[in-house]
Number of protein chains: 2
Amino acid sequence: MNTIGLAVSTVIFALRPHPATGRPVLSIPLVRRTRDPFEGLWALPGGWVDPAESLATSAGRTLVETTGVRPSYLEQLYTFGEPGRSPGDRVVSVVYWALVRPEQIGERTDPAFDAENVRWFVADDVPHLAFDHDEVVAYALWRLRTKVEYSAIAQGLLGSTFTLSELRQVHEAVLDRELDPANFRRQVEASGTIVATGERVKGGRHRPPRLYRFDTSASLVDNGPLGDDAPVPLSGELL
Amino acid sequence: MNTIGLAVSTVIFALRPHPATGRPVLSIPLVRRTRDPFEGLWALPGGWVDPAESLATSAGRTLVETTGVRPSYLEQLYTFGEPGRSPGDRVVSVVYWALVRPEQIGERTDPAFDAENVRWFVADDVPHLAFDHDEVVAYALWRLRTKVEYSAIAQGLLGSTFTLSELRQVHEAVLDRELDPANFRRQVEASGTIVATGERVKGGRHRPPRLYRFDTSASLVDNGPLGDDAPVPLSGELL
């Protein structure tokens, strides 16, 4: 045995309006540290692993406790363990990640919830973070942008059905640039990767937009024989 | 802080002759446990993380100490941490993996080396292992067979240049079935993924086989901004 602290941290991506432009951009929730080390700096949500919990369960519990965000499941991203990453005792962090849809972002109103010290940030524009979390966020963004299929990203961020306009916003957020709507429509329709559901957005418009869906599954990582990681636990109920 | 033991384990793949057929097959080194828990069962090489070492350095050190195998570098595979995976105190294991070429497999002759309790096994035919190492080996084999390019596997197992026959043996070992040599040659030449070096195998034959190489790099996983994991340390020198 050894005296190493084992922690979990979580990188959660959602599409949220950019505070300046209003366009949907990849955003992550961060938690401001209220004690040392790194008091006052922002950090990824997380905490210590409870010896009785699986790693994914600890990640989900600490995520819900600190931010109120509840993804349908978490996937393991990478384990960060360089000796100098936390002052004092050695701490190793198993990092989980997930994509969430707007309805999975709860508004916490219970008195224990510290709304002052939780905030969504544009993922490409976070302040200098505590520990090695700058490196963790950069790695998660790189993995998302280079190793995950757009179809999985769109399903994770949008849900099972979506309009072409919503799908274009996902591509724009991942690419971090605007796309021409007409060109985008032609390319997506030619690619054959999406299927019209035959339904349209419900609402009062004369011709509401069509709804589409993907055929594929939505995991960030195919873990094969390991199966899916644990769903985020139901403790710490959203209000 | 919490009382969780942090360990590393390593899955090393090499091509070795099958003990029955003599054909090269994917093989892994295992270490027989000489104490509880699981005394007498075989397990992946590994050990406790030293608080002063990086995770990859601990994995490399324990690998060299127990088996004498020294890959040029190790890559992180996955962190296994289910609460019941080890009896007694909770233990979480960060698992590393690598491919090695024959010359990276040292023969240990120092008195401290326990050759009796180290052995190479056919990766598809290991005995029931200690801890959750059955699951770890199954996951590593699945990842290698479904998520890694053949070019990276071949470079890891063969080195930078190789004959067509050696390349076919790699494909046969990964697929776990024999391939027709003439068909294989046609397919590989048509794919354009390998390049003739202009050299031939050195030796006394009238027309020794041509040597080929790949253009791509040989990582099992592209870790982007994280870069390569640490090379295996030089302590525990091979004799």
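Just so it is clear, the structure is predicted and the values come from calculations on it, not from any experiment. (Residues numbered from 1 in each chain as written. Chains lettered and ligands numbered in written order. Predicted model: local features only at pLDDT ≥ 70, side-chain atom pairs only at ≥ 80, totals over all residues. Heavy atoms only, no water.)

Peer 1: Before we move on, can you summarise the overall build of chain A with the specific residues and values?
Peer 2: Per the secondary structure count, chain A includes five helices and nine strands. Helices and strands in chain A line up, N terminus first, as β-β-β-β-α-β-β-β-α-α-α-α-β-β. Counting every position in chain A, which comprises 239 residues, the buried fraction comes to 50%. Carbon together with sulfur atoms contributes 49% to the accessible area of chain A, which is approximately 11,300 Å² in total. (Helix = DSSP H or I, 4+ residues; strand = E, 2+ residues; numbered from the N terminus. Buried < 20%, exposed > 50% of the residue type's maximum accessible area, 1.4 Å probe, protein only. Areas by Shrake-Rupley, 256 points an atom, 1.4 Å probe, with all protein chains shown as cover.)

Peer 1: Give me the lowdown on the side chain of A:Glu172, citing residues and values where you can.
Peer 2: All names here are of chain A. Mapped onto the elements, Glu-172 comes out in helix 4 (residues 164-175). What makes Glu-172 buried here is its relative accessible area of 7%. In this structure the side chain of Glu-172 is engaged in a polar contact, spanning 2.6 Å, whose partner is the side chain of Arg-23. Non-local contacts of Glu-172, meaning those with residues more than four positions away in its chain, are made with Arg-23, Arg-177, Glu-178 and Leu-179. (Polar contact = N/O pair within 3.5 Å; in protein donor to acceptor, adjacent residues only side chain to side chain. Contact = heavy atoms within 4.5 Å.)

Peer 1: Describe the packing of aromatic side chains, naming the residues involved and giving the relevant values.
Peer 2: How two aromatic rings sit relative to each other is set out by the distance from centre to centre and by the angle between their planes. All names here are of chain B. The tally for this structure, following the rule as stated, stands at 14 aromatic pairs over all chains. Ring geometry for Phe-38 versus Phe-131: centroids 5.0 Å apart, planes at 70°, classification edge-to-face. With Phe-38 in the loop between strand 2 (24-32) and strand 3 (42-43) and Phe-131 in the loop between strand 7 (118-122) and helix 2 (133-147), the pair connects residues that are 93 residues apart, well separated along the chain. A relative accessible area of 29% places Phe-38 in the partly exposed class. Between Tyr-78 and Tyr-139 the ring centres are 5.4 Å apart and the planes differ by 65°, which places this aromatic pair in the edge-to-face class. (Phe/Tyr/Trp six-rings, centres within 6.5 Å; stacked < 30°, edge-to-face > 60°.)

Peer 1: Which residues make up the packing of helix 4 of chain A against helix 5 (residues 181-191) of chain A, and what are the values?
Peer 2: Residues and elements named next belong to chain A. Running from N to C, helix 4 and helix 5 point in directions that differ by 100°, and their axes come no closer than 10 Å. Considered as vectors, helix 4 and helix 5 are oriented roughly perpendicular to each other. In this structure, helix 4 contributes Leu-164, Leu-167, Arg-168 and His-171 to the contact, and helix 5 contributes Pro-181, Phe-184, Arg-185, Val-188 and Glu-189. Grouping the amino acids of the contact of helix 4 with helix 5 by side-chain chemistry returns five nonpolar, one polar and three charged. (Axes fitted to C-alpha atoms, helices over the stretch in contact; angles between N-to-C directions. Parallel < 35°, antiparallel > 145°, perpendicular 65-115°, else oblique. Nonpolar A, V, L, I, M, F, W, Y, C, P; charged D, E, K, R; others polar.)

Peer 1: Go over the relation of the copies chain A and chain B with me, naming the residues and quoting the values.
Peer 2: The transform that puts chain A on chain B rotates by 180° and translates by 0.0 Å along the axis, for an RMSD of 0.0 Å. The relationship between the two copies is best expressed as a two-fold rotation axis. (Least-squares fit on C-alpha atoms with pLDDT ≥ 70 in both.)

Peer 1: Which residues make up the interface of chain A and chain B, and what values go with them?
Peer 2: The partner chain B presents 35 residues to the 35 residues of chain A that form the contact. Summed over both sides, the interface between chain A and chain B buries roughly 3,200 Å², with carbon and sulfur atoms accounting for 61% of that surface. Where chain A meets chain B, there are zero salt bridges. Considering only residue class, the side of chain A that touches chain B consists of 18 nonpolar, eight polar and nine charged. (Buried area = accessible area lost by both parts, 1.4 Å probe. Salt bridge = Lys/Arg side-chain N within 4 Å of Asp/Glu carboxyl O.)

Peer 1: Please give an account of the pairing of strand 6 (residues 91-99) of chain B that cites residues and values.
Peer 2: All names here are of chain B. Among the nine residues in strand 6, nine count as buried, and that is most of the element. The alternating pattern of strand 6 places Val-91, Ser-93, Val-95, Trp-97 and Leu-99 on one face and Val-92, Val-94, Tyr-96 and Ala-98 on the opposite face, and all of these are buried. Sheet analysis places strand 5 (residues 75-80) next to strand 6, joined by five bridges and oriented antiparallel. Paired with Thr-79 across the two strands is Val-94, which belongs to strand 6. (Pairing = 2+ DSSP bridges.)

Peer 1: Residue-level account of helix 4 of chain A, with values.
Peer 2: The α-helix advances 3.6 residues per turn, and as a result positions three or four apart in sequence lie on the same side. Residues and elements named next belong to chain A. Compared with the 16 Å implied by 1.5 Å per residue over twelve residues, the 16 Å span of helix 4 between its first and last C-alpha is a close match. All of the buried residues in helix 4 are Leu-164, Leu-167, Arg-168, Val-170, His-171, Glu-172, Ala-173 and Val-174. With its phi angle positive at about 60°, Asp-176 sits one or two positions after the end of helix 4. (Expected span 1.5 Å × (residues − 1).)

Peer 1: Give me the environment of A:Val49: which residues, what numbers.
Peer 2: All names here are of chain A. With respect to the element layout, Val-49 can be found in the loop between strand 4 (46-48) and helix 1 (55-67). Judged by its relative accessible area of 2%, Val-49 is buried. Expressed as a C-alpha distance, the spacing of Val-49 and Val-8, which sit 41 residues apart in the sequence, is 6.4 Å.

Peer 1: Could you give an account of the pattern of salt bridges, with specific residues and numbers?
Peer 2: Residues and elements named next belong to chain B. Evaluation of the coordinates by the stated rule reveals 16 salt bridges over all chains. The residue Glu-172 makes a salt bridge to Arg-23 at a minimum N-O spacing of 2.6 Å. Here the residue Glu-172 occupies a position in helix 4 (residues 164-175), and Arg-23 occupies one in the loop between strand 1 (5-17) and strand 2, the gap between them amounting to 149 residues. Note that Asp-132 is salt-bridged to Arg-85, the shortest N-O span being 2.8 Å.

Peer 1: Run through the environment of A:Ile105, naming residues and quoting values.
Peer 2: Residues and elements named next belong to chain A. For Ile-105, the location among the structural elements is in the loop between strand 6 (91-99) and strand 7 (118-122). Along the backbone, Ile-105 and Ala-14 are 91 residues apart, and their C-alpha atoms lie at a distance of 8.8 Å. The contacts of Ile-105, once residues within four sequence positions are left out, are Ala-14, Arg-16, Val-69, Val-100 and Trp-120.

Peer 1: Quick one: what's the story with helix 1 of chain A, residue by residue and with numbers?
Peer 2: Residue and element names in this part refer to chain A. End to end, helix 1 covers 18 Å across 13 residues, agreeing with the expected 18 Å (1.5 Å per residue, within 8%). Most of helix 1 sits out of view: ten of its 13 residues are buried. Listing the buried residues of helix 1 in full gives Leu-55, Ala-56, Ser-58, Ala-59, Gly-60, Arg-61, Thr-62, Leu-63, Val-64 and Thr-67.

Peer 1: An account of unusual backbone geometry is needed here, citing residue identities and associated values.
Peer 2: Trans peptide bonds make up most of the peptide bonds, and negative phi angles are found at most residues other than glycine. The omega torsion across A:Asp36 and A:Pro37 is -5°, close enough to zero to call that bond cis. Turning to its location among the elements, A:Pro37 is positioned in the loop between strand 2 (24-32) and strand 3 (42-43). Its identity is not glycine, yet B:Phe38 carries a phi of approximately 65°, on the positive side. The phi torsion at B:Phe131 lies on the positive side, around 50°, for a residue other than glycine.

Peer 1: If you had to explain the side chain of A:Asn117 to someone new, which residues and values would you point to?
Peer 2: All names here are of chain A. Position of Asn-117 among the secondary structure elements: in the loop between strand 6 and strand 7. A relative accessible area of 12% means that Asn-117 is categorised as buried. Residue contacts for Asn-117: discarding those within four places in its chain leaves Leu-30, Val-31, Arg-32, Thr-34 and Trp-42.

Peer 1: Explain the confidence of the model for chain A residue by residue, including any values.
Peer 2: Residues and elements named next belong to chain A. Summing up the model confidence of chain A, the mean pLDDT is 88 and the portion of residues at 70 or higher is 89%. The least confident element of chain A, judged by mean pLDDT, is helix 3 (residues 150-158) at 88; the most confident is strand 3 at 98. For this predicted complex, the interface confidence score (ipTM) comes to 0.89, while the overall pTM stands at 0.90. (pLDDT = per-residue confidence, 0-100.)

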